[in-house]
Amino acid sequence: NMKKIIKRFLVVMVVLLAIPIFLIVVMTIWNSIETKKDLEVIATTKYGAFYTTSNGDRVNYTLYDSESEQVVVILPGLECISAHYEFDALAIKLSDKYKVVVYEPPGVGISDWSDTERTVENYSKELHELMQHLGYDKYTIIAHSFSGLYSLYYTNQYPDEVEAFIGIDATVPAEIEEADREAYANAKYVRMIMIKSGLVRLASSEEVIKDQFPSAKADELELCKALWCSAQYNDTRLNEYKNMVSNEEKCMNLTFPDTVPVLYILANDTVSEDAKWEQLHKDVITNKDSKVSIISGDHYLHQSNLQGLVDEITSWDVRH
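Definitions and limits used
Residues numbered from 1 in each chain as written. Predicted model: local features only at pLDDT ≥ 70, side-chain atom pairs only at ≥ 80, totals over all residues. Heavy atoms only, no water. Helix = DSSP H or I, 4+ residues; strand = E, 2+ residues; numbered from the N terminus. Buried < 20%, exposed > 50% of the residue type's maximum accessible area, 1.4 Å probe, protein only. Contact = heavy atoms within 4.5 Å. Areas by Shrake-Rupley, 256 points an atom, 1.4 Å probe, with all protein chains shown as cover. Lys, Arg positive; Asp, Glu negative; His and termini not counted. Charge placed at Lys NZ, Arg CZ, Asp CG, Glu CD. Phe/Tyr/Trp six-rings, centres within 6.5 Å; stacked < 30°, edge-to-face > 60°. Axes fitted to C-alpha atoms, helices over the stretch in contact; angles between N-to-C directions. Parallel < 35°, antiparallel > 145°, perpendicular 65-115°, else oblique. Left-handed = near helix turned anticlockwise from the far one by under 90°. Nonpolar A, V, L, I, M, F, W, Y, C, P; charged D, E, K, R; others polar. Salt bridge = Lys/Arg side-chain N within 4 Å of Asp/Glu carboxyl O. Pairing = 2+ DSSP bridges. Disulfide = S-S within 2.5 Å.

**Some points on the overall build of the protein chain**
Looking only at helices and strands, one finds 16 helices and eight strands in the protein chain. C-alpha atoms of the protein chain, sized along the principal axes, occupy 90 × 45 × 35 Å. Within the protein chain, the fraction of its 320 residues that count as buried is 53%. Residue pairs in contact within the protein chain that sit at least 24 positions apart in sequence constitute 77% of those at least 6 positions apart. For the protein chain, the accessible area works out to roughly 15,600 Å², and carbon and sulfur atoms hold 54% of it. Charge separation in the protein chain, taken as the distance between the mean sites of 30 positive and 49 negative side-chain charges, equals 11 Å.

**Brief notes about the packing of aromatic side chains**
Under the definition given, this model contains 11 aromatic pairs. Where F165 meets F256, the ring centres are 4.9 Å apart and the plane angle is 25°; that geometry is what we call stacked. Taken together, the positions of F165 in strand 6 (residues 162–168) and F256 in the loop between helix 12 (244–251) and strand 7 (262–267) put the pair 91 residues apart, joining distant regions of the chain. Accessibility classification places F165 together with F256 in one group, the buried group.

**Some remarks on the packing of helix 5 (residues 147–157) against helix 12**
Here helix 5 crosses helix 12 at 40°, and the two axes come no closer than 10 Å. Between helix 5 and helix 12, the interaxial angle falls into the category oblique. With respect to the hand of their crossing, helix 5 and helix 12 are arranged in left-handed fashion. Facing L149, Y150, L152 and Y153 of helix 5, the residues of helix 12 in contact are N247, E248 and C251. Classifying every residue of the contact of helix 5 with helix 12 gives five nonpolar, one polar and one charged.

**What about the environment of K210?**
Tracing the sequence through the fold places K210 in helix 9 (residues 206–212). The class for K210 is partly exposed, based on a relative accessible area of 43%. With 50 residues separating them in the primary sequence, K210 and D160 have C-alpha atoms 41 Å apart.

**Examining the pattern of salt bridges**
Under the counting rule described, the total for this entry stands at 12 salt bridges. A salt bridge links K37 to E34; the nearest nitrogen and oxygen atoms lie 3.3 Å apart. Placement of both K37 and E34 in helix 1 (residues 2–44) is noted, with a separation of three residues, approximately one turn of the helix. Note on K37: relative accessible area 48%, which makes it partly exposed. Across the pair K99 and D65 runs a salt bridge, and its minimum N-O distance is 2.9 Å.

**Remarks on the sheet that holds strand 5 (residues 139–144)**
Strand order in the open sheet formed by eight strands is 1-2-4-3-5-6-7-8, with mixed pairing between adjacent strands. The open sheet has two free edges, formed respectively by strand 1 (49–52) and strand 8 (291–295), since each of these has just one partner strand. The average undirected angle you get between the axes of adjacent strands in this sheet is 20°. As paired elements, strand 3 (residues 71–75) and strand 5 share four bridges and run parallel to each other. Bridged to I74 within strand 5 is I142. Together, strand 3, strand 5 and strand 6 form the strand contacts of helix 5, whose direction differs from that of strand 5 by roughly 150°.

**Topic: the state of the cysteines**
The final tally for this structure, using the stated rule, is zero disulfides. With no disulfide partner, C229 has as its closest neighbouring cysteine sulfur the one in C224, 11 Å distant. C229 gets classed as buried once you look at its relative accessible area, which sits at 1%.

**Some remarks on unusual backbone geometry**
Most of the time, phi is negative for any residue but glycine, and the peptide bond is trans. One non-glycine residue, S145, adopts positive backbone phi at about 55°. Turning to its location among the elements, S145 is positioned in the loop between strand 5 and helix 5. What makes S145 buried here is its relative accessible area of 13%. The phi angle at D169 is positive, at roughly 45°, despite the residue not being glycine.

Right, here's the structure in full:
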């Protein structure tokens, strides 16, 4: 009798284990099929315009034109899926005063997924080529999050072109934290568990997509869902995570040139969590006309406090 009980118990356990494994396999296969469809949508749907870098990669940008002679280029953070949609509302509000370029580096939005190493050197080279292509030799950089680090390096490479820098709760070179060292491994883990398995797709209702891409129109939701389900943590973005620490090390001893005025707009939520956050930003400023402001909101100020962010930017003369 005991042998029969043990045998039945083992059969039940095998069945209980087999069911979720079977479901995971089925869902992964389904997601793989849907991913191919998504990539076709991403490849054939267009917004903005394209420029091909000297490395042969197509990068996307959206120009919000105006009669203003002042030019600003907006750079997205490390986890941005589409700069076009994430910064559309900010660009529209700024376009009354500036010509605005929203830039999508390789791996972001509908720009190519590039094999070029995501180093600060290559990032700067690609961005500079784009600005030359557009014919802008004087401009202000607006950078969110980790692109603040790229901007610091870029400004030191092209100090005669960058008229000013504006950081939206932007990253600065400080001590390299353990989270930065683990970022690549964590990103690979998220891609495998959440993206490749289809869990993100399974949870991607129309409401979720609208929430993630608030500026998207009804006929753009298919593209947005494709980006959300299949473009997150792509190979190019993983390479950026892989180079994260080495890029920080290259910028560790840099400050902005004293010819470049800097406006750092910090999120109150971030400052409250990190007592050093404000001072770390002051430490990389050398121009006397620079300013560090703290406003209410979270790390994504362009979403949590858009009007407050716009007021800070437009009330500050970026050309001094």
